[in-house]
Amino acid sequence: MATTRIIPLHAGKGRTVGKAISDIIDYVKNPDKTDHGRLITSYQCDSRVADAQFLLDKQTYAARTGRMRGADDVIAYHLRQSFVPGEITPEEANRLGVELARRFTKGKHAFIVCTHIDKSHTHNHIIWNSTTLECDRKFRNFWGSTRAVHRLSDTICIENGYSIVEAPKRRGQSYNKWLGDAAKPSHKEQLRQAIDRALAKKPASLEELLRLLEQDGFTVHRRGKTISIGAEGWGNNVRFDRLGDGYTLDDLLAVLSGQKEHTPRKQPAAQTAPPKVNLLVDIQAKLQAGKGAGYARWAKVFNLKQMAQTLNYLSEHGLLDYADLETKTAEATARYNALSDQIKAAEKRMAEIAVLRTHIVNYAKTRETYVAYRKAGYSRKFRQEHEEEILLHQAAKEAFNELNVKKLPTIKELQTEYAQLLADKKEAYGEYRQARAAMRELLTVKNNVDRVLGFEDGKQIEKERDQKQNR
């Protein structure tokens, strides 16, 4: 197995959902790449009209749930699976692609697998509908999904006797981040520093300032009244008005005429974070797990440092009495839980308002159609002609019943309530983060104190005794 990659598919600019689906499916079904369609396999859909079926499922999902998204909605997922050249037949590659799609989606999503043979390496294109077969949920691309599908693909290949990539390359940190303090400054920052050096020589005019920049290795470009600066290796020139406050042409002219003082831009100094208290290492448990004497020596030093930081924390916060520490920890935990419940309640109500608002709009838009449908004696022909509107109306009525809505609120009332909930949530979330950090720190400190006082060992012995009694 060479590679696997998941690509979410969006409608994009200038394309409808139906057009976006048909475009990608038409590409992967290309008869010149799939041996005239012989290497196409579908699951819970007809490959010839898969785009229409995917679109119908999305309309049904919207009608049933009332959930509507904009252009950022994921309409389908595209997975590429490549194999080592010459190792596998196209038919076998297609079979493995179907197995991968079925196991990864757990059989809950319709998909098609198209095996392409136009390259030296046989590869699969797998398209699965983001909407489930029941049209009540959507596939959510989770954190680490690429690694998960890669491992599943490797498992399937190993089960069938095909090779895999033993040590895939992983993406590392950016080059500038790796360089750290040695990272090269940007072009703009290089020019700012050159201007600082030139102004330190007290030039009498703009022309003299530009001459000093040229002596420093820069090139001055003039176009009408616009002046830009370049240097060897720069792709584009930089204008003064792009350098920020203190470096625009007006700012520099004011400095040169003596109207203002020039203050070089200071680089923000890296703030050294105060040392955090960490949990003590259970050295005996680590040794039993296979760690060596070198680890034990490191752990002893580490534990000494953590206990020193623990004592500093207790002293700074006036918690040298264990009862005070216990009370403070309990209060911090209760505060965190209260804020967490408050935020969850606000999010739940905001979700209800979003759904209710959508259904109210749909209900109002489709009410006349549904009244006509009822007057027509629930005619089958009328329903077929207005299927989408009737489904939206029925979904809205079901939602009102589920939410126990007796009297429909106005959209303005819902928007006002939603805005207030959002403001309250933002305010509470700032406190929530602080409360969470304080709780975690106190819990860590208390755990370290318990370990030193032997309370943790006593709790473990009591826990083991309870487990034996329950057997």
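It should be emphasised that the depicted structure is a prediction, and the values quoted were computed from it without experimental measurement.

What counts, and at which threshold
- Residues numbered from 1 in each chain as written.
- Predicted model: local features only at pLDDT ≥ 70, side-chain atom pairs only at ≥ 80, totals over all residues.
- Heavy atoms only, no water.
- Helix = DSSP H or I, 4+ residues; strand = E, 2+ residues; numbered from the N terminus.
- Contact = heavy atoms within 4.5 Å.
- Areas by Shrake-Rupley, 256 points an atom, 1.4 Å probe, with all protein chains shown as cover.
- Expected span 1.5 Å × (residues − 1).
- Buried < 20%, exposed > 50% of the residue type's maximum accessible area, 1.4 Å probe, protein only.
- Core = buried A, V, L, I, M, F, W, Y, C linked by side-chain atoms within 4.5 Å.
- Axes fitted to C-alpha atoms, helices over the stretch in contact; angles between N-to-C directions.
- Parallel < 35°, antiparallel > 145°, perpendicular 65-115°, else oblique.
- Left-handed = near helix turned anticlockwise from the far one by under 90°.
- Nonpolar A, V, L, I, M, F, W, Y, C, P; charged D, E, K, R; others polar.
- Patch = residues over 30% accessible without salt bridge, like charges linked within 9 Å, V, L, I, M, F, W, Y side chains within 5 Å.
- Salt bridge = Lys/Arg side-chain N within 4 Å of Asp/Glu carboxyl O.
- Lys, Arg positive; Asp, Glu negative; His and termini not counted.
- Charge placed at Lys NZ, Arg CZ, Asp CG, Glu CD.
- Pairing = 2+ DSSP bridges.
- pLDDT = per-residue confidence, 0-100.

### So, the overall build of the protein chain
In step 1: What the protein chain contains, in helices and strands, is 15 helices and 8 strands.
In step 2: Sequence-distant contacts, at least 24 apart, represent 68% of the contacts inside the protein chain between residues at least 6 apart.
In step 3: Taken as a whole, the protein chain presents about 30100 Å² of accessible surface, with 50% of it coming from carbon and sulfur.

### A few points about helix α10 (residues 293-316)
In step 1: Helix length check: α10 (24 residues) gives 35 Å between terminal C-alpha atoms against 34 Å at 1.5 Å per residue, within 8%.
In step 2: Those residues of α10 lying buried are Ala296, Ala299, Phe302, Asn303, Gln306, Met307, Gln309, Thr310, Tyr313 and Leu314.
In step 3: Check the buried side of α10 and you find it contacts α9 (283-288), α11 (322-375) and α14 (411-453).
In step 4: Just downstream of α10, Gly318 is the residue with a positive phi angle, here 60°.

### Comments concerning the nonpolar core
In step 1: In terms of nonpolar packing, the biggest core is built from 23 residues, with Leu191, Ile195, Leu210, Leu213, Phe218, Ile229 and Phe240 touching the most fellow members.
In step 2: Elements with a minimum of two residues in this core: α6 (187-199), α7 (206-215), β6 (218-223), β7 (226-231) and α8 (249-256).
In step 3: Core analysis: the second largest hydrophobic core is formed by 21 residues, Ile88, Phe104, Phe111 and Tyr162 among them.

### A closer look at unusual backbone geometry
Glycine aside, residues mostly have negative phi angles, and peptide bonds mostly take the trans form.
In step 1: Phi is positive for Cys135, which is not a glycine, with a value near 60°.
In step 2: Looking at the secondary structure, you find Cys135 in the loop between β5 (123-129) and α4 (145-159).
In step 3: Residue class for Cys135 comes out buried when judged on its relative accessible area of 5%.
In step 4: One non-glycine residue, Tyr378, adopts positive backbone phi at about 55°.
In step 5: Overall, Tyr378 belongs to the partly exposed group, its relative accessible area being 44%.

### So, the packing of α11 against α14
In step 1: Packing of α11 against α14 brings their axes to within 6 Å, and their N-to-C directions diverge by 155°. The angle between α11 and α14 places the two elements in the roughly antiparallel class. Crossing of α11 over α14 shows left-handed handedness.
In step 2: Classifying every residue of the contact of α11 with α14 by side-chain character gives 27 nonpolar, 5 polar and 12 charged.

### Some words on a positive patch on the surface
In step 1: A contiguous patch of positive charge, built from Arg67, Lys106, Lys108, Arg137 and Arg140, is present on the exposed surface.
In step 2: Within the fold, Lys106 resides in the loop between α3 (90-104) and β4 (111-116).
In step 3: Accessibility expressed as a relative area gives 63% for Lys106, which makes it exposed.

### A word on the environment of Gly66
In step 1: Along the chain, Gly66 falls in the loop between α2 (50-65) and β3 (74-82).
In step 2: For Gly66, a relative accessible area of 2% translates into the label buried.
In step 3: Spatially, the C-alpha atoms of Gly66 and His359 are 6.1 Å apart, while their sequence positions differ by 293 residues.
In step 4: Apart from residues no more than four positions distant in its own chain, Gly66 is found in contact with Tyr61, Thr358 and His359.

### What about the pairing of β3?
In step 1: Where burial is concerned, most of β3 is hidden: 8 out of the 9 residues are buried.
In step 2: Examined bridge by bridge, β3 and β5 share 7 bridges and lie antiparallel to one another. Along β5, the bridge assignment pairs His78 with Ile127.

### Describing the sheet that holds β7
In step 1: Pairing in this open sheet of 3 strands is antiparallel, and the strands run β6-β7-β8 from one edge to the other. Of all strands in the sheet, those with a lone pairing partner are β6 and β8 (238-239), marking the two edges.
In step 2: Pairing of β7 with β8, which is carried by 2 bridges, proceeds in the antiparallel orientation. Bridging across to β8, Ile229 finds its partner in Val238.
In step 3: The strands touched by α6 are β6, β7 and β8; relative to β6, the strand with the most contacts, the crossing angle is about 100°.

### Brief notes about the confidence of the model for the protein chain
In step 1: In the predicted model, the protein chain carries a mean pLDDT of 81, and 86% of its residues have values of at least 70.
In step 2: At the level of individual helices and strands, the protein chain shows its lowest average pLDDT in helix α5 (residues 175-179), which scores 51, and its highest in β4, which scores 92.
In step 3: Ignoring residues within four places in sequence, the model shows residues 269-273, a span with pLDDT below 50, making 0 contacts including any to other chains.

### A short note on the packing of α10 against α14
In step 1: One can describe the packing of α10 onto α14 by two numbers: an axis separation of 10 Å at closest approach and a directional angle of 115°. As for how α10 packs across α14, the hand of that crossing is left-handed. Contact residues: Met307, Thr310, Tyr313 and Leu314 in α10; Glu441, Leu442, Val445, Asn448, Val449 and Val452 in α14.
In step 2: Among the residues forming the contact of α10 with α14, the class breakdown is 7 nonpolar, 2 polar and 1 charged.

### Focus: α2
In step 1: Over its 16 residues, α2 runs 22 Å from end to end, which matches the ideal 22 Å to within 8%, given 1.5 Å per residue.
In step 2: After α2 finishes, the residue Gly66 shows a positive phi value of roughly 75°.

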